[in-house]
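Examining the three-dimensional arrangement
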Amino acid sequence: QVQVVESGGGLVQPGGSLRLSCAASRSIVSILRMDWYRQAPGKERELVAGITSSGMTNYADSMKGRFTISRDNAENTVYLQMNSLKPEDTAVYYCHVEGTTSLFRSYRDYWGQGTQVTVSS
C-alpha cells in the first residue's frame, strides 16, 4: 500500500504556530523531493515549500522567514514548521512526493489527502 499521510493541522490563533507532518510509505524507496502545497477556497493550489532528498529547500515568497521545511529521510517524512501564522494562511495543506517504488521504474507524483489549517481569532 502506497500512502502519503499528512497530520498536524488544526485551529490556531493569529501569531500562533503549527507543525505539519507528512509521512510517505516505506514502499516509496527513492524520493527526489517532497513539497508542501496549499489551497484556500476560491484560489488555486500554490507551492508553500519544497525540499530535496539532499536538503535543498525553496519557499514561496510569502512564506519566507515564517515557515521552515525539514525532512527525515530515514522515516520518509517531511515537516513544515509554521510560525507567525496569519488568517490568510488558512487553507488545506497538501503533501506532495516525487518518488518511485522501484529504481527500475519511472518517478511519479504522490499526493496526500490534505490537512486543514485554520488561522482565526
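Structure first, text after, so check above.
Quick summary incoming for the structure in this document.

Definitions and cut-offs
Residues numbered from 1 in each chain as written. Predicted model: local features only at pLDDT ≥ 70, side-chain atom pairs only at ≥ 80, totals over all residues. Heavy atoms only, no water. Pairing = 2+ DSSP bridges. Helix = DSSP H or I, 4+ residues; strand = E, 2+ residues; numbered from the N terminus. Axes fitted to C-alpha atoms, helices over the stretch in contact; angles between N-to-C directions. Buried < 20%, exposed > 50% of the residue type's maximum accessible area, 1.4 Å probe, protein only. Salt bridge = Lys/Arg side-chain N within 4 Å of Asp/Glu carboxyl O.

Let's shift gears to the sheet that holds strand β8 (residues 77-82). Read from one edge of the open sheet, 4 strands run β1-β3-β8-β7, paired in antiparallel fashion. With partners counted over all chains shown, the strands left at the sheet margins are β1 (4-7) and β7 (67-72), one partner each. Neighbour-to-neighbour, the strand axes of this sheet turn through a mean angle of 15 degrees, independent of strand direction. Bridging between β1 and strand β3 (residues 18-24) involves 4 bridges; their strand directions are antiparallel. Paired with E6 across the two strands is C22, which belongs to β3.

Let us look at unusual backbone geometry. Despite not being glycine, N76 has its phi angle at roughly 50 degrees, a positive value. Among the secondary structure elements, N76 is positioned in the loop between β7 and β8. Taking the relative accessible area as the measure of exposure, N76 reaches 10% and is therefore buried. With a phi close to 50 degrees, S84 is a non-glycine residue in the positive phi region.

The next thing to look at is the pattern of salt bridges. Applying the stated rule across the entire model yields 5 salt bridges. Note that K64 and D61 form a salt bridge whose closest N and O atoms lie 3.2 Å from each other. Like K64, the residue D61 is exposed in the burial classification. What emerges from the salt-bridge pattern is a single network uniting R38, E46, R66 and D89.

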